[in-house]
Every structure is written in structure tokens, then in C-alpha cells.
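Commentary on secondary and tertiary structure
Each chain, written out:
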Amino acid sequence: MKNDHVTMRDIADRLGVSSVTVSKALNDKDGVSDELKARIKEVAKEMGYRLNTAARAMREGLTYNIGVVIPEQFTNVNHAFYLRVYQHLASQLESYGYSSILHILSMQDEEMVNLPRIYYEKKVDGFIVLGQIKPSYIEAVQQMTVPKLFLDFYQEGAAVDSIVTDNFYGAYELTSYLIREGHEELAYMGNIYSTSSIQDRFLGFYKALLEHRIPLQPDWIIRDRDDHGTLIELELPASMPTAFVCNCDQVARYLIEKLKKEGYRVPEDCSVVGYDNDIFATVAEPHLTTVEVDMEMLAKSAVKAIMKKVNRPDTTIGRTVVQGKIVYRDTVKPINHPEKKNGER
């Protein structure tokens, strides 16, 4: 059945529900369960039905577009993570009858606090900001008169809802795993003042050390980027740890390359773990033990939240946390301490 000939009545007949129910589901109105909404949208897609968004826009005063803002520093060839999240966002928005408009926030516009032109031209019904932005820009976003949402970061005190992966607990679990494998000399690689994600991962790392009464060594908190988020040359500490916890897979891969150049073997001489489970985890050699971020769930949660806010602008969701999981690969080697008794530090 071709798209032009499929009506809401056809969908209703297929499912044995009313046209009103189909209309509510396709327009994300109240009065239909989430399960039935999903089923109606699935059948509509199978039948080739597409909402006439132009007519809806004129009738309801909406554009049926959502702007997705990604800071420029997260869009180069070495930052595949955010572009993959954007793909998931676009797919999820499509299921709501919405289109996504990608806006790359240049460093200059961020510094000058220039909001996207699509905001002033009223081309979107809301914004999802994907990736950490400067405090001055956060203040400007708060003043925007459309629904907005932060994705993969948050700002304490900001009046903007956020969806984040559970950075704290993921890094805590990863560090605890290393400790169970016998590692007591642990370094953290990441600029802890750069983003809320890196900072939360460090705090999870630190909690695991505290629980096992392992002292935090200041020389083993190693910067991987400058305060603008640009990666810098990695410097190995004078006294080497037995394991590095890296704030992301990209940095972990760079670290592995650096270690090899300096004559260290991974994991025989030094264990390395990352975070994200992105492409860098599997192009690294050996393949990287890491925490997998559920990008699909991040996107699904973000789109569901922004849709609620579009339909009810006074809706608040606070901070929503999406769980990750450890992916065990080849960059961790257990360490035995035969001189110590079981359970003794």
C-alpha cells in the first residue's frame, strides 16, 4: 500500500482500534498507553504512512523539528561517539514524526555566546545540546524560550534537564574490577576540570580507591586535554602504576600507543581500561576492556523527554541516568601478591 493512500482509518482497521486512538498515538497525545503507541507507530511505518507535517505545523503552530547542537570540538574524525549518538537521536525523532536539524556550535560562536540561527528563525520546537558547553553558553541556553535538554553532561544549578550515562558508577565498577584483579597502583587519565563526564568518572575511580583504602597519588592524575577539550601529548609519570583508568576509549588507545613506544607491553607490563566502547575500543591493539555506553537508550530517553517538554512546556524531568556495562577484552592482566595473605592489604 502506497504512502499517499494510507489513512489513519486504514491503520485503525488493521489494529482494531478507533481512528481517534491512532491520531492520538501518532501525534503523541495523552490517552494512549506507551505500549499501544509504539504498536500503532510500528504498523503505520510498515504500511508506509507518513504524517503530513506541513499541515500539522500550520494547524498546531509547531515546526516538527528538533535542533541538535554539538560543540565543534566533538565533531572531528576522532570523535565518532557524538555523531553516532546523533544518528540514534535522528532515528528516534523520526518515530515521533519529527526531523532533526544538526547545528555544529563553532568555538567562536560558543566563545561569543551566539545562539543558533535556527532558534531566532523559529525553525525548531526545542533543542538537545549534545556534549559539554561553556558555563557562559549554558546561561544563554537557559534563557531560550523553547524546550531544551542537555545530553551526556549536566551543569549543577542550571535550570535545564539532562540525560547522562552513569559515569560515576561505571568508572567505580571498572576500577573495582582492576582492584579485584590485584591492581593497587592505579592512575586516572583525564583532565578532571574539562567536563562533568570526566569529573564524574574520576569520582567513581576515587570512590573505589577509598573503599579499598588505596591512597590517591596526585602524580597519577594525568591530563589528557587542555581546558578547551583539545587532546594534548600524553606524559607518562616518572613512577609507573600497574594500571591506567582512562576517561574514554580514544585516550586509552593513544595511551596504549604511547606505552608501546616507551617499551611497555599491554597488558603484560601495564593494564589499560577505557570508557564508551566506541570504535577506538576495537581498533586498539590489544582490544580494550571498557564500559559500554548504551547510546540507543541515551537517545531514546532524550527524545522521549524533549517530546514531553514540547507537548507540556512546564514539564521537568531533572537528571536521568542511563546505566552502562563493562565489556571485558584483552587489556587487563591479573596481578598476584603471593607475599600477602588472603584478605590482607
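My aim in this report is to walk through the structure given alongside it, one point at a time.

Quick notes on the rules
Residues numbered from 1 in each chain as written. Predicted model: local features only at pLDDT ≥ 70, side-chain atom pairs only at ≥ 80, totals over all residues. Heavy atoms only, no water. Pairing = 2+ DSSP bridges. Helix = DSSP H or I, 4+ residues; strand = E, 2+ residues; numbered from the N terminus. Patch = residues over 30% accessible without salt bridge, like charges linked within 9 Å, V, L, I, M, F, W, Y side chains within 5 Å. Areas by Shrake-Rupley, 256 points an atom, 1.4 Å probe, with all protein chains shown as cover. Salt bridge = Lys/Arg side-chain N within 4 Å of Asp/Glu carboxyl O. Phe/Tyr/Trp six-rings, centres within 6.5 Å; stacked < 30°, edge-to-face > 60°. Lys NZ or Arg CZ within 6 Å of the ring centre and 35° of its normal. Expected span 1.5 Å × (residues − 1). Buried < 20%, exposed > 50% of the residue type's maximum accessible area, 1.4 Å probe, protein only. Arc of directions from axis to C-beta. Contact = heavy atoms within 4.5 Å. Right-handed = clockwise from strand over helix to strand, strands pointing away.

This paragraph deals with the sheet that holds strand β8 (residues 243-246). In a beta sheet, neighbouring strands are held together by backbone hydrogen bonds and run either parallel or antiparallel to one another. Taken in spatial order, the four strands of this open sheet run β7-β6-β8-β9, and their pairing is parallel. Each edge of the open sheet carries a strand with a single partner, namely β7 (221-222) and β9 (271-273). Examined bridge by bridge, strand β6 (residues 186-189) and β8 share four bridges and lie parallel to one another. Bridge pairing links A187 to F244 in β8.

Turning next to a nonpolar patch on the surface. Residues F168, Y169 and L203 make up a contiguous nonpolar surface patch of roughly 250 Å² in combined accessible area. Along the polypeptide, F168 turns up in helix α9 (residues 167-180).

This part takes up the packing of aromatic side chains. Within the structure shown, the criterion is met by 12 aromatic pairs. Between F202 and Y206, the aromatic rings sit 6.1 Å apart at their centres with planes inclined by 15°, giving stacked as the arrangement. With F202 and Y206 both in helix α10 (residues 196-211) and four residues apart, the pair spans about one turn of that helix. Taken together, the ring pairs connect Y188, F202, F205 and Y206 into an aromatic cluster. In this arrangement the basic side chain of R201 is found over the ring face of Y275, its NZ or CZ atom lying 3.7 Å from the centre. The ring of Y154 has R319 lying over it, and the distance from NZ or CZ to the ring centre is 3.6 Å.

Another aspect to go through is helix α5 (residues 80-95). Along its 16 residues, α5 runs 23 Å from first to last C-alpha, staying within 8% of the 22 Å computed at 1.5 Å per residue. Buried within α5 are the following residues: F81, Y82, V85, Y86, L89, Q92 and L93. All buried residues of α5 project into a common sector of 130° when viewed along the axis, lining one side. In the core, the buried residues of α5 are packed alongside β1 (65-71), β2 (99-105), β3 (127-130), β4 (148-151) and α13 (295-311). The first or second residue beyond α5 is G97, which carries a positive phi of 80°.

To continue, consider the pairing of β4. Of the two faces of β4, the one holding K148 and F150 and the one holding L149 and L151 are both buried throughout. With four bridges joining them, β3 and β4 adopt parallel strand pairing. By the bridge assignment, V129 is partnered in β4 with F150. Each parallel crossover has a hand, and the one from β3 via helix α8 (residues 135-142) to β4 is right-handed.

As far as function goes, none of this settles anything; it's purely spatial.
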